[in-house]
Amino acid sequence: MSKVDIKILGLSATPVKDGNCDTFVQESLKGAKELESDIGKVQIEFVTLANKEIAMCQNCQWCIENKAPCKIKDDAQEIFDKIVEADGIIFGAPTWGLTVSPPLTILWSRVRYYAIFTQLMKNKVTGYLTVG
């Protein structure tokens, strides 16, 4: 089996910096890094949504009409760029009630351009973690 180099992004969708969810995702990234000798170089990156400014989609249709990423200038674009660059993503989110935390749903509300007009997020290997 030939060795490949991969980039894994760990995205913690919590409003609590350095809390359980951040720790869970970081530990998972360490586990991915331990596979390095078996599969080739593994580059890991951790991002937490804690303290990020991400506005909710306003359904203004700008991204659809312009076939371009959202016009709102905040931290969402930087995070989407990191997702596009990654070969795999480990998503972590605390559960609130019967769903994942608002930071993740707010971020995903802004993914329309990528989902409709590009293939940039297609065929990503993903894993999901939850803290309850």
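Residues numbered from 1 in each chain as written. Predicted model: local features only at pLDDT ≥ 70, side-chain atom pairs only at ≥ 80, totals over all residues. Heavy atoms only, no water.

Caption draft 1: Inspection of the pattern of salt bridges at higher detail. The full count for this structure, using the stated rule, is 6 salt bridges. Residue Glu-36 is joined to Lys-33 by a salt bridge in which the shortest nitrogen-to-oxygen separation is 2.9 Å. Using a relative accessible area of 32% as the deciding quantity, one classes Lys-33 as partly exposed. Two residues, Arg-110 and Asp-74, come together in a salt bridge whose shortest N-O distance is 2.8 Å. (Salt bridge = Lys/Arg side-chain N within 4 Å of Asp/Glu carboxyl O. Buried < 20%, exposed > 50% of the residue type's maximum accessible area, 1.4 Å probe, protein only.)

Caption draft 2: Inspection of the packing of aromatic side chains at higher detail. Evaluation of the coordinates by the stated rule reveals 6 aromatic pairs. Taking the centre distance of 5.1 Å and the plane angle of 10 degrees together, the rings of Phe-91 and Tyr-128 count as stacked. Of the two residues, Phe-91 is situated in strand 3 (residues 88–96) and Tyr-128 in strand 5 (residues 125–131); the sequence distance between them amounts to 37 residues. On the accessibility criterion, Tyr-128 (61% relative accessible area) is exposed. Centre to centre, the rings of Tyr-113 and Tyr-114 are 5.0 Å apart; their planes meet at 75 degrees, and the pair counts as edge-to-face. In this structure, Tyr-113 and Tyr-114 share a single accessibility class: buried. Taken together, the ring pairs in this structure connect Phe-80, Phe-91, Trp-108, Tyr-113, Tyr-114, Phe-117 and Tyr-128 into an aromatic cluster. (Phe/Tyr/Trp six-rings, centres within 6.5 Å; stacked < 30°, edge-to-face > 60°. Helix = DSSP H or I, 4+ residues; strand = E, 2+ residues; numbered from the N terminus.)

Caption draft 3: Up close: the side chain of Ser-12. Relative to the helices and strands, Ser-12 resides in strand 1 (residues 6–12). Those residues in contact with Ser-12, other than ones at most four positions away along the chain, are Cys-21, Asp-22, Val-25, Phe-46, Val-47, Thr-48, Leu-49 and Gly-92. (Contact = heavy atoms within 4.5 Å.)

Caption draft 4: Expanded view of the environment of Phe-80. You can see Phe-80 is positioned in helix 4 (residues 76–85). With relative accessibility at 2%, the residue Phe-80 sits in the buried group. Sequence separation between Phe-80 and Arg-110 is 30 residues, and the spatial gap between their C-alpha atoms is 9.3 Å. Beyond its immediate sequence surroundings of up to four residues, Phe-80 is in contact with Leu-107, Trp-108, Arg-110, Val-111, Tyr-114 and Met-121.

Caption draft 5: Examining the side chain of Lys-124 more closely. Looking at the secondary structure, you find Lys-124 in the loop between helix 6 (112–117) and strand 5. Asp-87 provides the closest opposite charge to the buried, unpaired Lys-124, separated from it by 5.9 Å. At 2.5 Å, the side chain of Lys-124 and the backbone oxygen of Ala-86 are in polar contact. When neighbours within four sequence positions are excluded, Lys-124 is seen to be in contact with Ile-83, Val-84, Glu-85, Ala-86, Asp-87 and Ile-89. (Lys, Arg positive; Asp, Glu negative; His and termini not counted. Polar contact = N/O pair within 3.5 Å; in protein donor to acceptor, adjacent residues only side chain to side chain.)

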